[in-house]
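Residue-level structural notes
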Amino acid sequence: MKIRRSERLIDMTQYLLEHPHDLIPLTFFAERYSSAKSSISEDLAIVKKTFKERGSGFLETIPGAAGGVVYTPSITDEAAREYIESLAERLSEEDRLLPGGYVYLSDMLGQPDLLRMVGRIIAAQYLDQEIDAVMTVATKGVPIAQAVSYYLNAPFVIVRRDSKITEGSTVSVNYVSGSSERIEKMELSKRSLERGSKVLIVDDFMKGGGTVNGMKSLIEEFEAELVGITVFAESRFKGERAISDYRSLLYVKDVNTSTKTITVVPGNCFDK
Ligand SMILES: O=P(O)(O)OC[C@H]1C[C@H](OP(=O)(O)OP(=O)(O)O)[C@H](O)[C@@H]1O
């Protein structure tokens, strides 16, 4: 049954938003709406223009018989900066300081709307890079990795600090937990990454950088390639940090243990 352009545009946009990075042939939409390919091309031109003007992403047209359209989610720097500034303000206002200079984030990292925005912001930083997998370490990094994974349309893999027989055979590395100077171990199922995979590391929080450094070592053990590192928040660290080349959305600039308050500002993600 033929449907009107306005209805096609709504349904087509929803389908594109739910299938980021998928190549969708024009024939798919032509059959879905019983419309001519020429009408679908006109519809897609409207969607492409609107996405571009609203800064919500890019619609790329791939020519030829095996072609189609690919939607890539994005966000403008302005919108990302505005959102991160609001998060920094919120984190500074609430009682979140934990022993050892850690910050309580679990309530925020359980909020779907925050995870959607954070996932989109982090994914947008790697728009022009090929990413085969998003890596994080259990537990608090997992919701962030899942959100980024959605917007990159790439699987996420979970590194563990404990052995589980349900993970099958694993690759493990020892690393120095920067905060506690303890030797710790982390491992990843051998089935998780193929050699040569391009991997993005994400985590919720970085202090000494030992955890992220451990994941870097795991990527080397898998003979995979590290594309980038982004953490939701980082704290000041007096020692020598194990990691230098990373992005952070938020930076815990000051910690006042007597008033139990923290000052949080946007991280370095806009500097790079
Ligand atoms: O930079 P570092 O000094 O290595 O610390 C950052 C680690 C520590 C903390 O994890 P935990 O709270 O230890 O573990 P979980 O995420 O399972 O709660 C956080 O989620 C990062 O993974």
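Look up a bit, the structure's there.
A brief look at the structure comes next. (Residues numbered from 1 in each chain as written. Predicted model: local features only at pLDDT ≥ 70, side-chain atom pairs only at ≥ 80, totals over all residues. Heavy atoms only, no water.)

1. Some points on the sheet that holds strand β9 (residues 225–235)
This is how the line gets drawn: DSSP-based pairing: two strands are paired if at least 2 bridges between them are found. Helix numbers and strand numbers start at the N terminus; a helix is a DSSP run of H or I with at least 4 residues, a strand a run of E with at least 2. Axis definition: a line fitted to C-alpha atoms, limited for helices to the stretch in contact. Angles are taken between N-to-C directions and run from 0 to 180 degrees.
Pairing is mixed in the open sheet, where six strands are placed in the order β5-β4-β8-β9-β10-β11. Both outer strands of the open sheet, β5 (156–159) and β11 (261–266), are each paired with one neighbouring strand and no more. Each neighbouring strand pair of the sheet contributes to a mean axis angle of 25 degrees, computed without reference to strand direction. Pairing geometry for strand β8 (residues 198–206) and β9, over eight bridges, is parallel. In the strand pairing of β9, Val202 is matched with Thr230.

2. Thoughts on the nonpolar core
We apply this condition: For this analysis, a nonpolar core means a set of buried residues of the types Ala, Val, Leu, Ile, Met, Phe, Trp, Tyr and Cys, connected via side-chain atoms within 4.5 Å. Whether a residue is buried, partly exposed or exposed follows from its accessible area with a 1.4 Å probe, protein chains only, as a fraction of its type maximum: under 20%, in between, or over 50%, in that order. Note on contacts: a residue pair is in contact if any heavy atoms of the two residues lie within 4.5 Å.
Judged by nonpolar contacts, the single largest core of 42 residues is most densely connected at Ile122, Ile144, Phe232, Leu249 and Leu250. The residues contacting Leu249, other than those within four sequence positions of it, are Ile84, Val118, Ile121, Ile122, Gln125, Thr230, Val231, Phe232, Pro266, Gly267 and Cys269. With 24 residues, the next largest nonpolar core counts Val159, Val199, Ile219 and Tyr246 among its residues.

3. Notes on the pairing of β8
With respect to burial, β8 is a largely interior element, eight of its nine residues being buried. Looking at chain direction, strand β4 (residues 133–137) and β8 are connected through three bridges and run parallel. Paired with Met135 across the two strands is Ile201, which belongs to β8.

4. Some thoughts on the packing of helix α2 (residues 26–33) against helix α3 (residues 37–54)
When two helices pack together, their arrangement is given by the angle between their axes and by how far apart the axes lie. The condition is simple: Here roughly perpendicular refers to angles of 65 to 115 degrees, roughly parallel to angles under 35, roughly antiparallel to angles over 145, and oblique to all remaining angles. Each residue receives one of three labels: charged for Asp, Glu, Lys and Arg, nonpolar for Ala, Val, Leu, Ile, Met, Phe, Trp, Tyr, Cys and Pro, and polar for the others, Gly being one of them.
For the pair α2 and α3, interaxial distance at closest approach is 9 Å and the crossing angle is 110 degrees. Comparing the axis directions of α2 and α3 gives the class roughly perpendicular. Contacts between α2 and α3 pair Leu26, Thr27, Phe29, Ala30 and Tyr33 from the former with Lys37, Ile40, Ser41 and Leu44 from the latter. Residues of the contact of α2 with α3, tallied by class, amount to six nonpolar, two polar and one charged.

5. A word on the pattern of salt bridges
Side-chain pairs of opposite charge can arise whenever the charged atoms involved come near each other. We count it as follows: Note on definitions: salt bridges are taken to be side-chain nitrogens of Lys or Arg within 4 Å of carboxyl oxygens of Asp or Glu.
Counting across every chain of the model gives 15 salt bridges. Across the pair Asp107 and Arg96 runs a salt bridge whose closest N-O atoms are separated by 2.6 Å. On the criterion of sequence distance, the pair formed by Asp107 in the loop between α4 (77–93) and α5 (112–124) and Arg96 in the loop between α4 and α5 is long-range, its members being 11 residues apart. The exposure class of Arg96 is buried, given its relative accessible area of 4%. Across the salt bridge formed by Arg241 and Glu234, the nearest N and O atoms sit 2.9 Å from each other. Each member of the pair, Arg241 as well as Glu234, is classed as buried. In this structure, a network of salt bridges that share partners links the residues Arg5, Arg8, Glu42 and Asp43.

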